[in-house]
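Fold and geometry: a report
Here is what each chain is made of, one letter per residue.
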Amino acid sequence: MTVTTLTTLLLALGTGTSLTFVSSHWLLAWMGLEINTLAILPLMAQHHHPRAVEAATKYFLIQATAAAVLLFASTTNAWISGHWDIQQTSHPLPLTLVTLALALKIGLAPLHSWQPEVLQGLSLNTGIILATWQKLAPFAILLQIQTPNSPLLITLGITSIFIGGWGGLNQTQLRKVLAYSSIAHLGWMVLVLQYSQPLALLALLLYIIVTYATFTLFTLKNVTSVKALFALGAKNPILTTLLPFLLLSLASLPPLTGFLAKLLILKELTKQGLAPTAALAIMGTLLSAFFYVRIAVATALTLAPNVMTSTAPWRLMSSRLTMPISISTVLAVALLPLSPTLLALLTY
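Heads up: these notes are all about the structure in this document. Numbers given to residues run from 1 along each chain, matching the order in which its sequence is written. Given that the model is predicted, a residue must reach a pLDDT of at least 70 before its local features are reported, and side-chain atom pairs must reach 80 or more before they are shown or counted; all residues, however, enter totals for whole chains, interfaces and linings. With hydrogens and water stripped out, all remaining heavy atoms of the structure feed into the side-chain values.

Each helix and strand counted, the protein chain has 17 helices and 0 strands in total. Over its C-alpha atoms the protein chain spans a radius of gyration of 20 Å, differing by no more than 12% from the 20 Å that the globule rule assigns to 348 residues. Across its three principal axes, the protein chain shows a C-alpha extent of roughly 75 × 50 × 35 Å. Partly exposed describes any residue whose relative accessible area lies between the buried limit of under 20% and the exposed limit of over 50%, with all areas from a 1.4 Å probe on protein chains only and scaled to the type maximum. A total of 348 residues make up the protein chain; the buried ones form 53% of that total. Long-range contacts, defined here as pairs at least 24 residues apart, represent 78% of the contacts in the protein chain between residues at least 6 apart. Counting every atom, the protein chain has about 15900 Å² of accessible surface; 70% of that belongs to carbon and sulfur. Treating the 15 positive side-chain charges of the protein chain as one cloud and the 5 negative ones as another, the clouds have centres 19 Å apart. Secondary structure is summarised from DSSP: a helix means a run of H or I of at least four residues, a strand means a run of E of at least two, and numbering begins at the N terminus for each. C-alpha atoms define the radius of gyration in this analysis, and the globule rule sets the expected value at 2.2 Å times the number of residues to the power 0.38. The contact criterion used throughout is that any non-hydrogen atoms of two residues lie within 4.5 Å. Accessibility throughout is a Shrake-Rupley quantity obtained with a 1.4 Å probe, and a residue counts as covered only by protein chains that appear here. Neither His nor the chain termini are counted; the positive set is Lys and Arg, and the negative set is Asp and Glu. In plain terms, the charge of a residue is placed at NZ if it is Lys, CZ if Arg, CG if Asp and CD if Glu.

Here is a general trend for soluble globular proteins: nonpolar side chains tend to be buried in one another's company. Take the buried residues of types Ala, Val, Leu, Ile, Met, Phe, Trp, Tyr and Cys, join any two whose side-chain atoms come within 4.5 Å, and each joined set is a nonpolar core. Core analysis: the biggest nonpolar cluster contains 107 residues, and M44, Y59, V118, I145, F218 and L229 have the highest contact counts within it. Tallying contributions element by element places helix α10 (residues 197-221) first for this core, with 14 residues. If sequence neighbours within four positions are ignored, M44 has contacts with A52, A55, A56, Y59, V118, L122 and T126.

Empty space among the atoms becomes visible once a probe the size of a water molecule is rolled across them. Put plainly, a pocket is an open set of points on a 1 Å grid over the protein atoms alone with protein on both sides within 12 Å along at least five of seven lines, a cavity is a set where a 1.4 Å probe fits but cannot get out, and a lining residue has an atom within 4 Å of a point. Grid points are joined across faces, edges and corners, and a volume is the space filled by probe spheres set on the points. This structure, assessed with the given rule, holds 2 cavities of 30 Å³ or more. Each pocket or cavity is described by its volume, and for the largest cavity that value is around 120 Å³. Around the largest cavity, the lining comprises 14 residues; the ones closest to its centre are H185, A203, Y207, G258 and A261. For the lining of the largest cavity, the secondary-structure elements that each account for two or more residues are α9 (174-193), α10, α13 (237-250) and α14 (258-271). Broken down by class, the residue content of the lining of the largest cavity amounts to 9 nonpolar, 4 polar and 1 charged. Around the second largest cavity sit L33, N36, T37, Y59, Q63, K105, L130, Q134, K135, A137 and P138, which together line it. Listed by contribution, the elements that provide at least two residues to the lining of the second largest cavity are α2 (26-44), α3 (50-81) and α7 (136-144). All residues other than Ala, Val, Leu, Ile, Met, Phe, Trp, Tyr, Cys, Pro, Asp, Glu, Lys and Arg, Gly among them, are scored as polar; the first ten of these are nonpolar and the last four charged. Residue classes in the lining of the second largest cavity are distributed as 5 nonpolar, 4 polar and 2 charged.

The next point concerns the pattern of salt bridges. Put simply, a salt bridge is a Lys or Arg side-chain nitrogen that is within 4 Å of an Asp or Glu carboxyl oxygen. Using the criterion set out here, one finds 3 salt bridges in the structure. For E54, the salt bridge identified is with K58, shortest N-O distance 3.0 Å. Of this pair, E54 and K58 both sit in helix α3, separated by 4 residues, roughly a single helical turn. Judged by relative accessible area, E54 falls into the partly exposed class, the value being 38%. The shortest N-O distance in the salt bridge between E268 and K271 comes to 3.5 Å. In this pair, E268 and K271 both sit in helix α14, 3 residues apart, roughly one turn of the helix. E268 sits in the buried class, given a relative accessible area of 10%. K271 sits in the exposed class, given a relative accessible area of 63%.

Okay, structure coming up:
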């Protein structure tokens, strides 16, 4: 793919997301989602590999289905209420259809089955976009629709937390592990969305930071399976030291960055009188924490059964930029002390 084509697709990707951000009209928001989808499809199929083409085809069909349901729901809302304003969507029927369509777009359980398979068929660079940037536009619409005391969102959130933890237990491919991690984290965001939108935004921001750092580290050494992590210590001991911290941050263990969002979400749920829901969310997170710790152990405490006689790879100069991974890793691990500042910025 040429630089001009890649730049055009990335600009279209940003334009579609930005259009959805600034839209208060259903048709404009829907148009932004469609531009976003059409822009990422060539990026997904650029390697002309059967797995990549299959992933792009699955993604197109799923997104087209969700877009059709979303357009039908917005048209139904306009027919019932007489307006196209997103924030004025209050009738239960279009509200439920919109929520389910957006849940399908971002991969919330039980509408999640496409996400692990699609992410597994993509390259790591495209996987970063799918796991982070592609969540922004549908999440922006979820923030705009009014859903007070919606049992549907709570059900989707709890189901996503358990499915995301359960599905990642026996996975050996890192892209599938990160896909189930995405499902579980999105469940936490949706769980608190109707009670505190700043908390949901904070959880989304921290998820993007930690996931970007993890994907970038895997991309730097082209690691795609747990088995390949065994030899990472001999190739690059510094990255081997950093990776367990990123994984434990995804598992939301203190005092790492990922702990902040879930602590505040649990506090908010308890304040809203949803202590049983918070307890279920904690139990679901234990499943996710298990496979994060398993990968961390495989990385830091397991040595590959081979002896390298060549020049040590970490002594060779790298031609890749390391500044993005340095900044994102620091933010993904050490952002917890800045939590009062982050909360003040989000609630301002």
